[in-house]
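# Observations on the model geometry
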Amino acid sequence: MSILTLSALLLALLFLMLGLGLWVAFSLIGVGLAAMTIGTDSPIGTVMATTIWGNSNSWALAALPLFIWMGEILFRSRLSEDMFTGLAPWMERLPGRLLHVNIFGSGIFAAVSGSSAATAATIGKLSIPELKRRGYPERMMIGTLAGSATLGLLIPPSIILIVYGAATEQSIARLFIAGVLPGLLLVALFVGYVMVWGWLNRDSLPVEEGENLSFREKLKRSRRLIPIVVLIAGVIGSIYAGIASPTDAAAVGVALALILSWASGSLNRQTFVEGLMSATMTSCMIAFILAGAAFLTVAMGFTGIPSLLAEWIGGLNLSPYALLAALTVFFIVMGCFLDGISVVVLTTSVIMPMVEKAGIDTMWFGIFVVIVVEMSQITPPVGFNLFVLQSLTGRDILTVARAALPFFLLMLVALALVTLFPGIATWLPNHM
């Protein structure tokens, strides 16, 4: 059987399994079994067992369930209420006013949760009723939340960066630090857009914005942000300074999150058990997908498809920019049908040989991939953030997608800037 025929067969099998609703991990393992059965005489059972165990028995992956648990603890705490109370007084004089709370609140929560959907749900539950009550335009309210919630994928500790690092054997600590400046760039673009929109559409914003607080009162309310800022600085700062590995920092983050939750009065037996069980289920799902992807990667190596594909791409003599443009379209299309983690683990084995052959920095490419996956989170039909906001607002998914479109385009601008100026992603890691 030719490589082309085998590739088409395996791709069709993968989409068939996913279309039938089979778990992503089972689909990956199934395609891997088919590839090895057709393409090699090696002992399939031995290869599968050693590959899955070898990739699951990784100390770097221990950071994954810990960061997920940290986010679940804070998700059930008074964090979002404290953020709104602390941020709102400072936003009222900016063009766009309290719409900025969605952006800054999502940026802060992203730095303690690592999850895009959790960020959208947590900030949305608090801000949407409040902004509706004050009379803010629904389209901008949904759009700012949809766009800024995706920061959970980029600003460390990012779950998807842990997955990418584990799948490509990159330093997770360096990937975390590489995501800081691109994340701040996105925040700046979102804030800039809202300010311009607010200046041009002043009549669309409510006239009364509540109390006219003194500077001292604003500072007093902002004190509720201090514990969260300390937590973020402790986790990210310890990694950047080389004091702690991501796994160590995650353990410290969980301990601090428990203390914060207890101090706020929101930690009890029920919230503790719910957070632990939710984190366990999410971690098991991701670990299972990673194990299946590891086996598929090895199976694809036996067939020789990735190396031949890389040679074929190399033979086209595409420039790195042309390759990145093609991959951007490819990832966005994939993201329309799969969640971000599945996109990364499904494509790693095939894409990475091409990237390395083109001379592209694999750490920088991780940030590139995450920004593109962020874009796919707000594209129908399977944009996870769109589903979250649909449930929070009661609007249909196309209405939510239209509201998110300007922020999709801003992410495209950020992607272009990171591509043209790669130092945005590489400067901080190079100075660790």
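In every chain, residue numbers begin from 1 and rise along the written sequence. Local features are withheld for residues below a pLDDT of 70 in this predicted model, meaning they are given only at 70 or higher, and side-chain atom pairs are given and counted only at 80 or more; totals for whole chains, interfaces and linings count all residues. For the side-chain quantities, the full set of heavy atoms in the structure was used; hydrogens and water were omitted.

Each helix is a run of DSSP H or I of at least 4 residues and each strand a run of E of at least 2, with the numbering of both proceeding from the N terminus. Counting secondary structure elements, the protein chain contains 22 helices and 0 strands. Rg of the C-alpha trace for the protein chain: 22 Å, near the compact-globule value of 22 Å for 432 residues, within the 12% margin. Dimensions along the principal axes, computed over C-alpha positions, put the protein chain at roughly 75 × 45 × 45 Å. Exposure categories follow from relative accessible area, calculated using a 1.4 Å probe and restricted to protein chains: below 20% of the type maximum is buried, above 50% is exposed, and the middle band is partly exposed. Counting only residues that meet the buried cut, the protein chain has 53% of its 432 residues in that class. Two residues form a contact once any of their heavy atoms are found within 4.5 Å. Here the contacts in the protein chain between residues at least 6 apart in sequence split such that 79% fall between residues at least 24 apart. We get accessible surface area from the Shrake-Rupley algorithm with a probe of 1.4 Å; when it comes to residues, only the shown protein chains can shield them. Surface accessibility of the protein chain: about 18600 Å² in total, with carbon and sulfur atoms responsible for 67%. Counted as positive: Lys and Arg. Counted as negative: Asp and Glu. His and the chain ends are not counted at all. The atoms used to mark charge sites are NZ of Lys, CZ of Arg, CG of Asp and CD of Glu. Of the charged side chains in the protein chain, 21 are positive and 21 negative; the average position of the first set lies 11 Å away from that of the second. The globule rule used for comparison is 2.2 Å times the number of residues to the exponent 0.38, while the radius of gyration itself is calculated over C-alpha atoms.

Here the focus is the packing of aromatic side chains. Aromatic contacts are taken between Phe, Tyr and Trp rings whose centres are within 6.5 Å, Trp giving its six-membered ring; a plane angle under 30 degrees counts as stacked, one over 60 as edge-to-face, and the others as tilted. The final tally for this structure, using the stated rule, is 8 aromatic pairs. Relative to F407, the ring of F190 has its centre 5.3 Å away and its plane inclined at 70°; by these criteria the two rings are edge-to-face. Separated by 217 residues along the polypeptide, F190 in helix α11 (residues 180–200) and F407 in helix α21 (residues 397–420) bring together distant segments of the chain. With respect to burial, F190 and F407 carry one shared label: buried. Arranged with centres 5.5 Å apart and planes meeting at 25°, the rings of W364 and F368 form a pair that is stacked. Placement of the pair is W364 and F368 together in helix α19 (residues 362–376), with a separation of 4 residues, close to one helical turn. No difference in accessibility class separates W364 from F368, as the two residues are buried. Here the aromatic cluster, defined as three or more aromatic residues joined through ring pairs, consists of F330, F331, W364, F365 and F368.

Summary: where empty space remains is shown by rolling a probe the size of a single water molecule over the atoms. Using protein atoms alone on a 1 Å grid, points that fit a 1.4 Å probe yet trap it form a cavity, whereas open point sets bounded by protein on both sides within 12 Å along at least five of seven lines form a pocket; residues with an atom within 4 Å of a point count as lining. Grid points are joined across faces, edges and corners, and a volume is the space filled by probe spheres set on the points. One pass over the full model with this rule turns up 3 cavities of 30 Å³ or more. One number sums up the size of the largest cavity: a volume of about 50 Å³. Taken together, W69, I73, R76, S77, L258, S261, S266, L267, T271, F272, G275 and L276 make up the full set of residues lining the largest cavity. For the lining of the largest cavity, the element with the most residues is helix α15 (residues 269–303), which contributes 4 residues.

A few words now on the packing of helix α13 (residues 226–240) against helix α14 (residues 246–263). For the pair α13 and α14, interaxial distance at closest approach is 9 Å and the crossing angle is 170°. In this view, α13 runs roughly antiparallel relative to α14, as classed from their interaxial angle. From α13, P227, I228, L231, V235, S238 and I239 reach across to α14, where they touch P246, A249, G253, L256 and L260. When residues are sorted by character, Ala, Val, Leu, Ile, Met, Phe, Trp, Tyr, Cys and Pro go into the nonpolar class, Asp, Glu, Lys and Arg into the charged class, and all the rest, Gly among them, into the polar class. Looking at the contact of α13 with α14 residue by residue, the class counts come to 9 nonpolar, 2 polar and no charged. Axis geometry follows a simple rule: fit a line to the C-alpha atoms, using only the stretch in contact for helices, then measure angles between N-to-C directions, giving values from 0 to 180 degrees. Should an angle fall under 35 degrees it is taken as roughly parallel, and over 145 as roughly antiparallel, whereas 65 to 115 is taken as roughly perpendicular and any remaining angle as oblique.

What follows covers the confidence of the model for the protein chain. Close inspection of predicted coordinates is inappropriate for parts of the model with low pLDDT. Mean pLDDT for the protein chain: 80, with 91% of residues reaching 70 or above. Per-residue confidence from the prediction method is given by pLDDT, with values spanning 0 to 100. When the elements of the protein chain are averaged for pLDDT, helix α16 (residues 305–315) gives the smallest value, 66, and α11 the largest, 91.

With that settled, consider helix α4 (residues 63–75). To estimate how far a helix should extend, the number of its residues minus one is multiplied by 1.5 Å. Counted at 1.5 Å a residue, the expected span for α4 with its 13 residues is 18 Å, and the 18 Å between its end C-alpha atoms agrees. Of all the 13 residues making up α4, 10 are buried; the element is thus mostly covered by neighbouring parts of the structure. Where α4 is concerned, the buried positions are A63, L64, F67, I68, W69, M70, G71, E72, I73 and L74.

As a further point, take the packing of helix α1 (residues 3–19) against helix α2 (residues 24–39). For the pair α1 and α2, the least separation of the axes is 9 Å and the interaxial angle reads 155°. Taken together, the axes of α1 and α2 lie roughly antiparallel to each other. Note that α1 runs across α2; the crossing there is right-handed. Contacts between α1 and α2 involve L6, L9, L10, L13, L14, M17 and L18 on the former and, on the latter, V24, F26, S27, G30, V31, A34, A35 and I38. Residue composition of the contact of α1 with α2, grouped by class: 13 nonpolar, 2 polar and no charged. For a crossing to be left-handed, the near helix must be turned anticlockwise from the far one by less than a right angle; the clockwise case is right-handed.

What follows deals with the environment of A34. Its place among the elements puts A34 in helix α2. Classification of A34 as buried rests on a relative accessible area of 18%. Taking the C-alpha atoms as reference points, A34 and L9, 25 residues apart in sequence, are found 9.5 Å from one another. Excluding its chain neighbours within four sequence positions, the residues that come into contact with A34 are L10 and L13.

In the sections that follow, a salt bridge refers to a side-chain nitrogen of Lys or Arg positioned within 4 Å of a carboxyl oxygen of Asp or Glu. For the coordinates displayed, the defined rule picks out 1 salt bridge. R395 is the salt-bridge partner of E138, the closest N and O atoms lying 2.9 Å from each other. Placement of E138 in helix α8 (residues 138–149) and of R395 in the loop between α20 (384–393) and α21 is noted, with a sequence separation of 257 residues between them. Residue class for E138 comes out partly exposed when judged on its relative accessible area of 24%. Residue classification places R395 among the partly exposed positions, given a relative accessible area of 39%.

For the rest of this paragraph, the subject is the side chain of T150. In this structure, T150 sits in the loop between α8 and α9 (159–168). For T150, the side chain forms a polar contact with the main-chain oxygen of G147, separated by 2.5 Å. Setting aside chain neighbours within four positions, we find T150 in contact with S116, E374, Q377, I378, N385 and M411. Distance and chemistry together define a polar contact, namely a pair of N or O atoms within 3.5 Å, with one atom able to donate a hydrogen and the other to accept it when in protein, and with adjacent residues in sequence counting only for side-chain atoms on both sides.

So, on to α9. Burial of α9 is extensive: 8 of the 10 residues sit out of reach of the surface. Among all positions of α9, only I159, I160, L161, I162, V163, Y164, G165 and T168 are buried. Once α9 finishes, E169 follows within two positions and takes phi at roughly 60°, a positive value.

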